[in-house]
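Each chain, written out:
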Amino acid sequence: MWALTLTSAAPTPLSSVPLYGQYEITLAGPSEATVANPFEVELSATFTHTEPPTGTPIVVGGFYDGGGTYRVRFSPPAEGEWKYTTASSAAALDGSGGEFHVVKKAAGDRGPVVSKGSGLYYSDFTPHVSVGTTCYQWASKGFDMQAQTLE
């Protein structure tokens with residue numbers, strides 16, 4: 001009598017990130033000890049929305065973060081399954097890939113700011129009002145003007 005037992009490992013759950021959140025790829029690669037200038041190593045990742053399939057693949061540049069660590073940061077614009085593949089001038093960083101799942105956005109997150117016509121809006125079309133100042137000019141003004149500004 002023969003008995004056959006099949007066992008299978010449970011599938012590894014995909015990591016998840018909220019819509020408009022940050023998905024980060026961390027890779028080990030050349031460091032100061034192995035290349036003249038690791039900041040000159042080219043790195044990018046191509047992100048593809050696979051479920052449901054939409055739009056064009058998105059290419060995002062990566063960067064050297066010191067100590068032989070390279071990173072690519074991506075803010076996914078749609079819910080669902082995503083996959084990525086890296087491309088690099090360094091063999092150690094080229095051809096890495098993976099998948100992740102994008103879930104509903106976090107409460108209160110309105111998404112990135114986009115321009116539409118002459119206005120700025122969050123991705124949920126809530127108006128965005130930018131407020132700023134040109135403070136670099138303040139340092140060249142006299143002390144009386146600086147004091148008046150601070151009042």
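One numbering rule holds for all chains: residues counted from 1, following each sequence as written. In keeping with the model being predicted, local features are shown solely for residues with a pLDDT of at least 70 and side-chain atom pairs are shown and tallied solely at 80 or more, while totals for entire chains, interfaces and linings include all residues. Note that water and hydrogens are dropped before the side-chain values are worked out from all heavy atoms of the structure.

Peer 1: Before we move on, could you go through the pattern of salt bridges and cite the residues and values that matter?
Peer 2: Salt bridge, as used here, is a side-chain nitrogen of Lys or Arg placed within 4 Å of a carboxyl oxygen of Asp or Glu. Tallied over the entire structure, the rule returns three salt bridges. With its nearest N and O atoms 2.9 Å apart, the salt bridge here joins glutamate 24 to arginine 71. Placement of glutamate 24 in strand β2 (residues 23–28) and of arginine 71 in strand β6 (residues 69–74) is noted, with a sequence separation of 47 residues between them. Burial classification: accessible surface area is computed with a 1.4 Å probe over protein chains only, and a residue below 20% of its type maximum counts as buried, one above 50% as exposed, and the rest as partly exposed. On the basis of relative accessibility, which here comes to 27%, the residue glutamate 24 falls in the partly exposed class. Taking the relative accessible area as the measure of exposure, arginine 71 reaches 18% and is therefore buried. The shortest N-O distance in the salt bridge between glutamate 24 and arginine 73 comes to 2.4 Å. Taken as a pair, glutamate 24 in strand β2 and arginine 73 in strand β6 lie far apart in primary sequence, 49 residues in all. A single salt-bridge network, built from bridges that share partners, covers Glu24, Asp65, Arg71 and Arg73. Put simply, DSSP marks the helices as runs of H or I at least four residues long and the strands as runs of E at least two long, and each gets a number from the N terminus on.

Peer 1: Describe the sheet that holds β2, with residues and values.
Peer 2: Ordered in space as β2-β6-β5, the three strands form an open sheet in which the pairing is antiparallel. Two strands bound the open sheet, and with one partner strand each, they are β2 and β5 (63–64). Between any two strands, at least two bridges found by DSSP are needed for them to pair. Inspection of the sheet shows β2 paired to β6 by six bridges, in the antiparallel sense. Looking across to β6, one finds that tyrosine 23 is bridged to phenylalanine 74.

Peer 1: For the confidence of the model for the protein, give the residues involved together with the corresponding values.
Peer 2: Low pLDDT marks regions whose predicted coordinates should not be analysed in detail. Summary of the metric used: pLDDT quantifies the predictor's per-residue confidence within the range 0 to 100. For the protein, the mean per-residue pLDDT works out to 86, and 88% of the residues sit at or above 70. Low pLDDT, under 50, characterises residues 1–11; the stretch is placed with zero contacts to residues that sit more than four places away or in other chains. Contacts are assigned to residue pairs that have any heavy atoms within 4.5 Å of one another.

Peer 1: Could you give an account of the nonpolar core, naming the residues involved and the relevant values?
Peer 2: Nonpolar core, defined: a set of buried Ala, Val, Leu, Ile, Met, Phe, Trp, Tyr and Cys residues in which side-chain atoms within 4.5 Å join the residues together. Residues Tyr23, Ile25, Phe47, Val72, Leu93 and Phe100 are the most contacted members of the largest nonpolar core, which totals 20 residues. Of all the secondary structure elements, the ones that give two or more residues to this core are β2, β3 (43–51), β6, β7 (80–88) and β8 (97–103). Each residue touching leucine 93, except ones within four places of it in the same chain, is listed here: Leu27, Ala28, Gly29, Pro30, Val41, Leu43, Tyr70, Thr86 and Ser88.

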